[in-house]
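Report on the structure
Here's the letter readout for the chains.
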Amino acid sequence: MKTVHILGAGLGGLVAAINLARAGYDVLVIESAKGIGGIRGFHPSLHVTPMDLDFVNAYTGLDIAGNVKKLDQPLRVGLWEDEYLFGKNRLPMKTPLYGVERGTKETSMDYFLYSRAKALGVKFLFSTFIKKAGDLPPGSIIATGLHPEMYKDLEIPHRKIEGFSFCVQADKENEKDIHVCMGDFATDYYYSVAFNGLYYGLLFQRNPMEYKCLVELEKMLSSKAEKVHKWVPFTCCGPTKSFRQPQLFRKGKIMGGSMAGVGDPVLCFGIHGALLSGQTAALAVMDPQKARQEFSLLTHYYRRAWIIAQISNQVPTKTRRRVYRFVRYRVPGLLARYGYYLHPFTDMVDKGIPGYWKGYFSPYIVPHEKEKKRAALFDKALEAIARLCPGKNAAEELEALKKRYITQNAKHLETI
Ligand SMILES: Cc1cc2nc3c(=O)[nH]c(=O)nc-3n(C[C@H](O)[C@H](O)[C@H](O)COP(=O)(O)OP(=O)(O)OC[C@H]3O[C@@H](n4cnc5c(N)ncnc54)[C@H](O)[C@@H]3O)c2cc1C
């Protein structure tokens, strides 16, 4: 059987390799780093994501439950001077968040996927940096994540992402909550989390980041008595610059993971899409037509979320602060009563994570007691509009796809 070349031994690349090897293909994974571990210079790192675990398992055919950490500690969300606590007897936490460790440690997702791929006979070529996609045979899978080279070579519009991170040994104090905050320091956000014996923090934004952003963040952290660690700067890029994403095929190659654009354009959750898209990329080798259909279902809502992200990214942090303060202090009553009518927008944000349709934001937006009847009519009107729009069956088709995979694969997961 012919050899399939996969560029990049990250999440998307490894899931594709495992599924192709299972289908009987010879697989060669080419990786620029000396070994596994994903994004160069970033690991070890701890990523947080909403995850539809049953579907990810069924779709990828891998039982990853033992390699993700269900994060049941409270979630502390900071918006400028305010903080909101979710979980553990505070505001209920409605969406389970999962932690995924990246890097070379045995507890990392990379290690788990690499071990499975090795056991299935996948070959690896490390320390090999490929600059031109054309150096690989047609039909190869490109899954090079957030690195710039392949975006440039394949002319995929991309945008720089810059930031600072730290990773240290965790102590009990660090494990008490997940901290996410937005402030004047960045147009995106800062998060920190601890699990698997590590404590990790990351500040990033999809605009150039100056050192003074970090100084601002440090000021905020020390005002909350949070210890500051040694920061490491990073630069990478994401394919969120153009409306023309996501795409499964490009210039005779198959795209996997972030290269396919299967990341959430609003809050930048990339793990969920990268895992699923590894399977879609493998399917594209075996049955391009079927892969195309599944890919378009998984990424059906991407463009709507992308529009929200574009608008939000253009707003300077100072303007955001003013809007937040106005809403928080001047119109809280109006927001509490009529906030539910914003849910078509929050829904767009939720559905930006490819293949995740449970909603991580909308479940918090429930109608006010006095608005329940009107809100029900509002929902009916929205449904009627949705029925008139193209792609009206997408939600049901997505659900059917999910059920089909869960029924087909769930029983076999343990034995695969
Ligand atoms: C610092 C940081 C924090 C993040 N935090 C989160 C988070 O909390 N939650 C979340 O959901 N997402 C997060 N993301 C996004 C998420 O990590 C990515 O979307 C996801 O890892 C993409 O997976 P992938 O398979 O596309 O690529 P990766 O897992 O990055 O793998 C790409 C691989 O390709 C290799 N490679 C690259 N270029 C070449 C080349 N030219 N030749 C050979 N090999 C090459 C790389 O070395 C790497 O091993 C974060 C990203 C970063 C950078």
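This text goes with the structure placed above it.
Bear in mind the structure is a predicted one, so any value in this text is a computation, not a measurement.

Once that is clear, we can look at the overall build of the chain. From N to C terminus, the chain includes 13 helices and 16 strands. Its C-alpha atoms give the chain a radius of gyration of 21 Å, within 12% of the compact-globule value 22 Å for 416 residues. In terms of principal-axis extent, the alpha carbons of the chain reach across some 65 × 55 × 40 Å. For the chain, buried positions account for 41% of its 416 residues. In the chain, of all internal contacts separated by at least 6 residues, the share reaching a separation of at least 24 is 73%.

Before going further, it helps to spend a moment on helix α12 (residues 372-388). Relative to the 24 Å expected for 17 residues at 1.5 Å per residue, α12 spans 25 Å between its end C-alpha atoms, a close match to the ideal helical length. Counting buried positions along α12 yields zero of 17 residues, so the element is predominantly exposed.

This paragraph deals with unusual backbone geometry. Despite not being glycine, Asn196 has its phi angle at roughly 50 degrees, a positive value. Structurally, Asn196 can be placed in the loop between β12 (190-195) and β13 (198-205). Asn196 gets classed as partly exposed once you count the C-beta atoms within 10 Å, which come to 18.

Right, let's get into the site of the ligand. Among the 38 residues in the neighbourhood of the ligand, the closest are listed as Gly8, Gly10, Gly145, Gly257 and Gly270. If you list the elements that add at least two residues to the shell around the ligand, you get α1 (11-22), β3 (45-50), α4 (148-153) and α6 (271-286). Considering each element in turn, the shell around the ligand owes the most residues, four residues, to β3. Looking at side-chain class alone, the shell around the ligand contains 18 nonpolar, 17 polar and three charged residues.

This brings us to the pairing of strand β6 (residues 82-86). When you tally the buried positions in β6, you get zero out of five residues, a small fraction of the element. The pairing of strand β5 (residues 75-79) with β6 spans five bridges and is classified as antiparallel. In the strand pairing of β6, Val77 is matched with Tyr84. The hairpin turn running from β5 into β6, its antiparallel successor, is two residues long, and Trp80 in that turn takes a positive phi close to 50 degrees.

Now for the pairing of β13. Within β13, eight of the eight residues are buried, leaving the element largely enclosed by the surrounding structure. Here eight bridges tie strand β10 (residues 159-169) to β13, and the two strands are oriented antiparallel to one another. The residue bridging Val168 from the neighbouring strand is Tyr199, located in β13. Sheet analysis places β12 next to β13, joined by six bridges and oriented antiparallel.

Within the open sheet, the six strands sit side by side as β8-β2-β1-β9-β16-β15. Their pairing is mixed. Each edge of the sheet is formed by a strand with only one pairing partner; in this case those strands are β8 (123-125) and β15 (249-250). Taken together, the two bridges between β15 and strand β16 (residues 253-255) define a ladder with antiparallel strand orientation. Of the residues in β16, the one forming a bridge with Arg250 is Lys253. Each of β1 (3-7), β2 (26-30) and β9 (141-142) touches α1; the most contacted strand, β2, lies at about 165 degrees to it.

This part takes up the sheet that holds β3. Spatially, β3-β7-β4 is the arrangement adopted by the three strands of the open sheet, whose pairing is antiparallel. Each edge of the open sheet carries a strand with a single partner, namely β3 and β4 (69-71). Recorded for the sheet is a direction-independent mean angle of 35 degrees between the axes of neighbouring strands. Relative to strand β7 (residues 97-102), β3 runs antiparallel, the two sharing six bridges. Within the sheet, the bridge partner assigned to Ser45 lies in β7 and is Arg102.

The next thing to look at is the nonpolar core. Judged by nonpolar contacts, the single largest core of 103 residues is most densely connected at Ile6, Leu14, Ala16, Ala17, Ile141 and Val193. Per element, the largest residue contribution to this core is nine residues, and it comes from α6. Discounting residues that sit within four places of it in the chain, Val193 has contacts with Leu46, Val48, Leu71, Gly99, Ile178 and Tyr200.

It is worth spelling out the packing of α1 against helix α3 (residues 109-119) at this point. The contact between α1 and α3 brings their axes to 9 Å, and the two run at 20 degrees. Taken together, α1 and α3 sit at an angle that is classed as roughly parallel. In the packing of α1 onto α3, the handedness of the crossing is left-handed. Contact residues: Leu11, Leu14, Val15, Ala17, Ile18 and Ala21 in α1; Met109, Leu113, Tyr114, Arg116 and Ala117 in α3.

Turning our eyes to something else, we now look at the packing of helix α8 (residues 302-314) against helix α11 (residues 343-350). Where α8 contacts α11, the axes come no closer than 8 Å and their chain directions differ by 110 degrees. Classed by the angle they form, the pair α8 and α11 counts as roughly perpendicular. For the pair α8 and α11, the contacting residues are Arg304, Ala305 and Ile308 in the first and Phe345, Met348 and Val349 in the second. Grouping the amino acids of the contact of α8 with α11 by side-chain chemistry returns five nonpolar, no polar and one charged.

Cut-offs applied
Residues numbered from 1 in each chain as written. Predicted model: local features only at pLDDT ≥ 70, side-chain atom pairs only at ≥ 80, totals over all residues. Helix = DSSP H or I, 4+ residues; strand = E, 2+ residues; numbered from the N terminus. Rg over C-alpha atoms; globule rule 2.2 N^0.38 Å. Buried ≥ 20, exposed ≤ 12 C-beta atoms within 10 Å, placed from the backbone. Contact = placed C-beta atoms within 7 Å. Expected span 1.5 Å × (residues − 1). Near = placed C-beta within 6 Å. Nonpolar A, V, L, I, M, F, W, Y, C, P; charged D, E, K, R; others polar. Pairing = 2+ DSSP bridges. Axes fitted to C-alpha atoms, helices over the stretch in contact; angles between N-to-C directions. Core = buried A, V, L, I, M, F, W, Y, C linked by C-beta atoms within 7 Å. Parallel < 35°, antiparallel > 145°, perpendicular 65-115°, else oblique. Left-handed = near helix turned anticlockwise from the far one by under 90°.

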